[in-house]
Amino acid sequence: MSESPSSPTSGDPENGSRKIPAAVIKRLSLYARLLQSLEFQNITRISSAELGRRLGMNAAQVRKDLACFGQFGVPGLGYYVADLRVQLRKILRSDSEVRVILIGVGNLGSALLSYGGFLKQGFTMLWGFDVDPVAARSRVRSAIEIFSIDDLEKRLIGQQVDIAVLTVPADAAQAIATRLAALGVQAILNFTPSRLDVPKVMQVRYVDLALELENLSYYVQS
Ligand code: ATP
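Residues numbered from 1 in each chain as written. Predicted model: local features only at pLDDT ≥ 70, side-chain atom pairs only at ≥ 80, totals over all residues. Heavy atoms only, no water.

Undergrad: Which residues make up the layout of surface pockets, and what values go with them?
TA: Its boundaries defined by the atoms lining it, the largest pocket holds a volume of some 420 Å³. Lining the largest pocket are 20 residues, and of these Leu-34, Ser-37, Gln-186, Ala-187 and Gln-203 sit closest to its centre. Broken down by secondary-structure element, the contributors of at least two residues to the lining of the largest pocket are α2 (22–40), α3 (48–55), β7 (187–190) and β8 (203–206). Among the elements that make up the lining of the largest pocket, the one with the highest residue count is α2 (6 residues). Here the lining of the largest pocket is built from residues that sort into 10 nonpolar, 6 polar and 4 charged. Along the walls of the second largest pocket sit 13 residues, with Phe-40, Gln-41, Asn-42, Phe-118 and Leu-189 positioned nearest its centre. Here the lining of the second largest pocket is built from residues that sort into 9 nonpolar, 3 polar and 1 charged. (1 Å grid on protein atoms, 1.4 Å probe; cavity = no way out; pocket = protein on both sides within 12 Å on 5 of 7 lines; lining within 4 Å. Points joined across faces, edges and corners; volume = space filled by probe spheres on them. Helix = DSSP H or I, 4+ residues; strand = E, 2+ residues; numbered from the N terminus. Nonpolar A, V, L, I, M, F, W, Y, C, P; charged D, E, K, R; others polar.)

Listed below in structure tokens is the structure:
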């Protein structure tokens, strides 16, 4: 993309932030964090209404907050996720990483753990967990440590973990999600078909690869 649609036209944080209410600055962090997780899901564009919906506020509030710093959105198109995140980070002068763990280091999980691309996008893959960490380690082509699932609490207490990726069998997912919720993990990227019952504050996104393939197969000419 050659143009930078969400670059602020007037948003000098140096001069502007003094007049910005503290509550707005707090919400900027929420926007930035949400944008990071959207990037993780390969979502490139988002409307103010959708941003607001995901954070429990309305579109007008989102637009008003961001307008404090300049003109970011494109009318009718919304915000470009990556651009807006970069701009918000500049404003906040923060470079907070998103800290991720993965649970269930089978075929899919080990492929994800072996993939180095997340780091470039600001995601730190901290650790993997599995019921059989010895077998799991042999599948992973990266230096990421794999621990026993029994040690989940021991490893996570006192640590900031933002997102847990679940690539366990479906029948193991709920029990793990409940443990993650108790540990204060904020979001789950769930690759299992199991619908998770977790507290409302927790974000859950479902990735069903078979469903996506089935959906695409509808459009494929035979
Ligand atoms: P995939 O589904 O990724 O192809 P797979 O077919 O090799 O993996 P699954 O039975 O789906 O194996 O399990 C995925 C991984 O989850 C395995 O490595 C397994 O050891 C691990 N696992 C199973 N139950 C649990 C659990 N309760 N907690 C953590 N890991 C688990």
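Right, picking up where we left off after that structure.
Undergrad: Describe in detail the site of the ligand, supporting the description with residues and values.
TA: Taken together, 16 residues sit near the ligand, with Asn-107, Leu-108, Asp-130, Arg-139 and Pro-169 positioned nearest. Contact between the ligand and Gly-106: an oxygen atom at 3.3 Å from a main-chain N or O atom of the residue. Measuring from a nitrogen atom of the ligand, one finds a backbone N or O atom of Val-131 at 3.4 Å. Summarising the interface, the protein chains cover 64% of the accessible area of the ligand, which totals 620 Å² for the free molecule. Here the shell around the ligand takes 3 residues from helix α6 (residues 107–114), the largest share from any one element. When its residues are assigned to classes, the shell around the ligand shows 9 nonpolar, 5 polar and 2 charged. (Near = heavy atom within 4 Å. Polar contact = N/O pair within 3.5 Å; in protein donor to acceptor, adjacent residues only side chain to side chain. Areas by Shrake-Rupley, 256 points an atom, 1.4 Å probe, with all protein chains shown as cover.)

Undergrad: Residues and numbers for the sheet that holds strand β4 (residues 123–130), please.
TA: Across the sheet, 6 strands lie side by side as β5-β4-β3-β6-β7-β8; this open sheet has parallel pairing. In this open sheet, the two strands that pair with only one neighbour each are β5 (145–148) and β8. Sheet twist, expressed as the mean angle between neighbouring strand axes with direction ignored, is 25°. As paired elements, strand β3 (residues 98–103) and β4 share 6 bridges and run parallel to each other. (Pairing = 2+ DSSP bridges. Axes fitted to C-alpha atoms, helices over the stretch in contact; angles between N-to-C directions.)

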